[in-house]
Amino acid sequence: MMPAHETYDVIVVGAGAGGMTAAAVAAAEGLRVLVIEKTAFVGGTTAWSDGMIWIPANAKMKEAGLSDSVTDAVRYLSNTVPEPANAGLRAAFLARGPEAVAYLQANTQVRLQPVKACPDYYPSDWARRRVGACSSRSSSTARSWARISRGCARRCRSSRCSAG
């Protein structure tokens, strides 16, 4: 039970990758953060993908020598989620995603690793010719989020996560 006198600058509901990222950034910016999760686990639905996120054309991919481009990401999104009404959101995601990866690396304990190849729900001819259909995904298992949330590794939902 949280004492009634406790105050927070940011309250995050949900301990998945999105919520934990929001909490990590807010804390990195010096804000007092409370994360509320309805289950006994961290990881949320991202844990079902082993902590995988997709951030096209990020610097971690380039550092690993893997080719990736915003053009490929635009083509992939156009073929898999053809929703022209969300064009502005897509453009913002593609423009700011790599910046978010760099911020997390520089200002938090989150360490994303490039994934050279992984299965894709929507493989295409152009994707198969590349290193992997999701070559621009950066992986951070629930263990990374658990480390950030003060060592709650035993409460991770991911199959890749282990206690300790």
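Predicted, not measured: the structure shown is a model, and the values here were computed from it. Residue numbers run consecutively from 1 along every chain, following the written order of its sequence. This being a predicted model, a pLDDT of at least 70 is required before a residue's local features are given, and a value of 80 or more before pairs of side-chain atoms are given or counted; all residues contribute to the totals for chains, interfaces and linings. Calculated side-chain values reflect all of the structure's heavy atoms, with hydrogen atoms and water omitted.

Draft legend 1. Region of the structure containing the pairing of strand β1 (residues 10-13). As judged from the 4 bridges shared by β1 and strand β2 (residues 33-36), these two strands associate in the parallel manner. In the sheet register, isoleucine 11 faces β2, and the bridge partner there is leucine 34. Every crossover in which the path from the first strand over the helix to the second runs clockwise, viewed with the strands pointing away from the viewer, is termed right-handed. Numbering goes from the N terminus for both helices and strands, where a helix is a DSSP run of H or I of at least four residues and a strand is a run of E of at least two. Each parallel crossover has a hand, and for β1 linked through helix α1 (residues 17-28) to β2 it is right-handed. Only when DSSP finds a minimum of two bridges between them are two strands counted as paired.

Draft legend 2. Broad picture of α1. With 12 residues, α1 ought to run about 16 Å at 1.5 Å a step, and its terminal C-alpha atoms sit 16 Å apart, in line with that. Accessibility here uses a 1.4 Å probe with only protein chains present; expressed as a share of the type maximum, an area under 20% marks a residue as buried, one over 50% as exposed, and anything in between as partly exposed. Taken together, the buried positions of α1 are Ala17, Gly19, Met20, Ala23, Ala24 and Ala26. Note on α1: the residue one or two positions beyond its end, glycine 30, has a positive phi of about 85°. Here, expected helix span is obtained from the residue count minus one, scaled by 1.5 Å.

Draft legend 3. Local environment of unusual backbone geometry. The phi torsion at alanine 57 lies on the positive side, around 55°, for a residue other than glycine. For alanine 57, a relative accessible area of 27% gives the class partly exposed.

Draft legend 4. Structural context of the environment of proline 114. Here proline 114 is to be found in strand β4 (residues 113-114). For proline 114, a relative accessible area of 23% translates into the label partly exposed.

Draft legend 5. Summary view of the packing of α1 against helix α4 (residues 87-107). The angle between two axes is taken between their N-to-C directions and runs from 0 to 180 degrees, where each axis is a line fitted to C-alpha atoms and a helix contributes only its stretch in contact. Taken N-terminus to C-terminus, the directions of α1 and α4 make an angle of 55°; their axes are 11 Å apart at the nearest point. Comparing their axes, α4 and α1 come out oblique. Crossing handedness for the pair α1 and α4: left-handed. Contacts from Thr21, Val25 and Ala28 of α1 reach α4 at Tyr103, Leu104 and Asn107. For the contact of α1 with α4, a count of residues per class yields 4 nonpolar, 2 polar and no charged. The labels follow the angle: roughly parallel below 35 degrees, roughly antiparallel above 145, roughly perpendicular from 65 to 115, and oblique for the rest. Crossing handedness is defined as follows: a turn of the near helix away from the far one that is anticlockwise and smaller than a right angle gives a left-handed crossing, while the clockwise case is right-handed. Contact between two residues is taken to exist if any of their heavy atoms lie within 4.5 Å; hydrogens are not considered. Any residue that is not Ala, Val, Leu, Ile, Met, Phe, Trp, Tyr, Cys, Pro, Asp, Glu, Lys or Arg is counted as polar, Gly included; the first ten are nonpolar and the last four charged.

Draft legend 6. Highlighting the pattern of salt bridges. Any carboxyl oxygen of Asp or Glu that lies within 4 Å of a side-chain nitrogen of Lys or Arg is treated as forming a salt bridge with it. Considering all chains together, one arrives at 3 salt bridges under this definition. A salt bridge links glutamate 6 to arginine 32; the nearest nitrogen and oxygen atoms lie 2.2 Å apart. Here glutamate 6 is found in the segment before β1, whereas its partner arginine 32 is found in the loop between α1 and β2, with 26 residues between them in sequence.

Draft legend 7. Geometry of a nonpolar patch on the surface. Taken together, the side chains of Ile11, Val13 and Ile36 present a nonpolar region at the surface, about 310 Å² in accessible area. If you trace the backbone, isoleucine 36 turns up in strand β2. By relative accessible area, isoleucine 36 is classed as partly exposed at 40%. The residues that make up patches have over 30% relative accessible area and no salt bridge, and they are joined within 9 Å when like-charged or within 5 Å when they are Val, Leu, Ile, Met, Phe, Trp or Tyr. All accessibility values rest on the Shrake-Rupley procedure with a 1.4 Å probe; residue burial counts only the protein chains present in the view.

Draft legend 8. Layout of the environment of proline 56. Among the secondary structure elements, proline 56 is positioned in the loop between β3 (52-54) and α2 (59-63). On the basis of relative accessibility, which here comes to 1%, the residue proline 56 falls in the buried class. For proline 56 and arginine 96, which are 40 residues apart along the polypeptide, the C-alpha to C-alpha distance reads 9.9 Å.

Draft legend 9. Quick peek at the environment of glutamine 113. Looking at the element boundaries, glutamine 113 is found in strand β4. Overall, glutamine 113 belongs to the partly exposed group, its relative accessible area being 44%. With 52 residues separating them in the primary sequence, glutamine 113 and methionine 61 have C-alpha atoms 8.4 Å apart.

Draft legend 10. Main features of the confidence of the model for the protein. Per-residue confidence from the predictor is reported as pLDDT, a score between 0 and 100. Mean pLDDT over the protein: 75, with 66% of residues reaching 70 or higher. Within the protein, the lowest mean pLDDT, 40, falls on strand β5 (residues 137-139), and the highest, 96, falls on β1. Here residues 150-154 scores under 50 on pLDDT; set against residues more than four positions off or in separate chains, the count is 9 contacts. For the stretch residues 158-164, pLDDT sits under 50, and the model shows 17 contacts to residues farther than four places along the chain or on other chains.

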